[in-house]
Amino acid sequence: MAETKNQQGFVFSGKKRSSTGQDGDDDFIVANKKSMFSTGLPSMWEDPAAALASARHEFGEHGGVNMSIEASATFTVMEPETMRRMFAGELGPDRDFFIYSRHFNPTVLNLGRQMAALEGTEAAYCTASGMSAISSVLLQLCSSGGHMVASRTLYGGTHALLTHFLPRACNITTTFVDIKDHEMVKNAMVEGQTKVLYFESISNPTLTVANIPELSRIAHDKGATVVVDNTFSPMVLSPARLGADVVVHSISKFISGGADIIAGAVCGPANLVNSMMDLQHGALMLLGPTMNAKVAFELSERIPHLGLRMKEHCHRAMVYATKIKKLGLNVIYPGLEDHPQHELLKSMANKEYGFGGLLCIDMETEERANRLMNHLQNCTQFGFMAVSLGYYETLMSCSGSSTSSELNDEEQALAGISPGLVRISVGFVGTLAQKWSQFEKAFSRLQDSGLYKN
Ligand SMILES: *Cc1c(COP(=O)(O)O)cnc(C)c1O
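What you are looking at is a predicted structure, and each value in this text was computed from that prediction instead of being measured.

Student: Could you give an account of the nonpolar core, naming the residues involved and the relevant values?
Tutor: One finds Cys126, Leu197, Leu215, Ala265, Val266, Leu359 and Val422 to be the most contacted residues of the largest nonpolar core, which totals 126 residues. Broken down by element, this core gets its largest block of residues, eight residues, from helix α12 (residues 306–326). When near neighbours in sequence (up to four residues on either side) are disregarded, Val266 contacts Ala124, Tyr125, Thr127, Ala133, Ser136, Val137, Val246, Val248, Val273 and Met276.

Given below as C-alpha cells:
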C-alpha cells in the first residue's frame, strides 16, 4: 500500500484501511501490478452480484463505511525523484501513486473496479459519457484506414459516429450487417483488415438479442476484437463471460438509475484499458473524457443496489408485456415466448434477473404512437414522455422520431424500426396494480376515442 508520507507534522497518507479482507485476501481483491483496475481473477467469476460483493471495498480516510472522495486534480509527492519515477511509469496507482486526475484518480478507479467486477473483465475505466467510452475504445482499436463491422441496429449516436464521424475524421469505415444473419457477418469481415465487430447485447430500440458466443467465435476466427454495448442489460447479460473482448456501457441509464448523471465505462482486458491511459497513445488520456471524482463516488454508492433494481425493472416489464399482449397490442419483449430470441436470451442470461427492463409496443404509425403516449402521460400518469432509460419512473419515446432519428428512413426500415414503435423503459415506483390500472385506463380511453382500431 501507500508509502506513508509525512512532512512537517502533516500526515498526508495514514495507514489506510484499504480492504475488507485479511492480508491473505489482498492478493485477490487488491489490484495487482499489471492491472491497477483489476478486481482479481475473472476466471473465478460466476455471477455479477457475487463478484461485486467480493470486490475490494474501500473505506473512508477516517474509517467511514464509505470511501472518501479524492476531490483533487493533482497530487503531491515527498521527493522530487518520485515525480520522475511516476512519469517513467515505475510508480503508479497500483502502489497508490497518482499524478493528475485526467490520468488516474483513486475514486474513479474504485468505480472502475466495480464495473470490472460487474462485467467479469480484468479491468475497467469510467468516462464522462457512454459515447466517450464507445468512441475512445474504437479509436484505440482502429487506426486510420481501419475497418469495422457493426450491427445495423444501434443506438442513434453510435450509428452516427460510425456512419459519419469516423469515416470523415479518421478514415475508419464500417460495414453494417444484420447480426442475426451470421453468414452475412462472416462475409463482411475481412481478415487482416476488420479490427472490430461491434453490436449491442440487446439492441436499441428493437430489442433484438445478439448471439454473443457465436458472433464472438466468428469475429475471433477473423482476428477481430468484439466490442459489445451492454447498456440495456447490466446484470442480465455478461457479454465478456460469453466470449466478447470488451464491454461498453452508458452508465447514464440503468447503472445510474437516477436520470441525473451522464457517464460511461469501458470494461475489458487490462492491456487494452492500460493502453487507453498511455501518456503517448492513450485515447482516454489524450482525448480526455474524464469522469469527475464526485460523480464516481455517487455512482459507486448506487452499484450495490443495481441487482435489486434490475430485478424489479425486469419483473414489471415481464408482467406488463404479458398483459399488454392480452389487450391485443403488438408487444416486443424478449421475455415473451414469441420473441424470436427468447430461448437464446434464456440460454445466455444470468439467473434470476429476468429479460430486461425495456419493452416496445408497435403502434404502426407515429400518430397512434403519440396518442398512446399522450394518454399514458397526460391522462393517467403511467409514465413520462422522455428519451433515455433505466430510470425509476417509466419513460416512453417513439424511437423513429427521437433516439433513432439519426438513421434515415431506409436505415430505420433495415434496422426494423417501425414508425409507430413506442419504446418503454419500465420503472418501479408505485404498486404494480396501481401502475397497470393506469395503463389500462389510458388504453381504453384511446379505444373510446375511436382513434385506435384493434
Ligand atoms: C444512451 C446510450 C448510449 C450513449 O450514452 P451516453 O451516456 O448518453 O453518452 C450508448 N449506447 C446505448 C445503447 C445507449 O442507450
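Once the structure has been displayed, the description carries forward.
Student: Which residues make up α12, and what are the values?
Tutor: Since there are 3.6 residues in each turn of an α-helix, residues three or four apart along the chain are aligned in direction. Under the 1.5 Å per step criterion, the end-to-end length of α12 is 30 Å for 21 residues, consistent within 8% with the ideal 30 Å. Turning to α12, its buried residues number three or more, namely Leu306, Gly307, Arg309, Met310, His313, Cys314, Arg316, Ala317, Met318, Tyr320, Ala321 and Ile324. Buried residues in α12 make contact with α2 (48–54), α11 (293–302), β10 (331–332), β11 (358–362) and α16 (432–448). Just past α12, the residue Gly328 takes up positive phi, approximately 95 degrees.

Student: Hey, could you go over helix α6 (residues 156–170) for me, with residue numbers and the actual values?
Tutor: Look at α6: 19 Å from first C-alpha to last across 15 residues, which is about the 21 Å you get at 1.5 Å a residue. The sharpest bend along α6 measures roughly 40 degrees and falls at Leu162. For α6, the set of buried residues is Thr158, His159, Leu161, Leu162 and Leu166. Where the residues of α6 are buried, they touch α5 (130–141), β4 (147–151), β5 (173–177) and β7 (225–229). Remark: Asn171 follows α6 within two positions and exhibits a positive phi of approximately 55 degrees.

Student: Pulling in residues and values, what's your account of the site of the ligand?
Tutor: Taken together, 16 residues form the shell around the ligand, and within it Ser129, Gly130, Met131, Tyr155 and Ser250 come nearest. Secondary-structure elements contributing two or more residues to the shell around the ligand are α5 and α6. Taken together, the residues that form the shell around the ligand break down as four nonpolar, nine polar and three charged.

How each quantity is defined
- Residues numbered from 1 in each chain as written.
- Predicted model: local features only at pLDDT ≥ 70, side-chain atom pairs only at ≥ 80, totals over all residues.
- Core = buried A, V, L, I, M, F, W, Y, C linked by C-beta atoms within 7 Å.
- Buried ≥ 20, exposed ≤ 12 C-beta atoms within 10 Å, placed from the backbone.
- Helix = DSSP H or I, 4+ residues; strand = E, 2+ residues; numbered from the N terminus.
- Contact = placed C-beta atoms within 7 Å.
- Expected span 1.5 Å × (residues − 1).
- Bend = angle between axes of the 7 residues up to and from the residue.
- Near = placed C-beta within 6 Å.
- Nonpolar A, V, L, I, M, F, W, Y, C, P; charged D, E, K, R; others polar.

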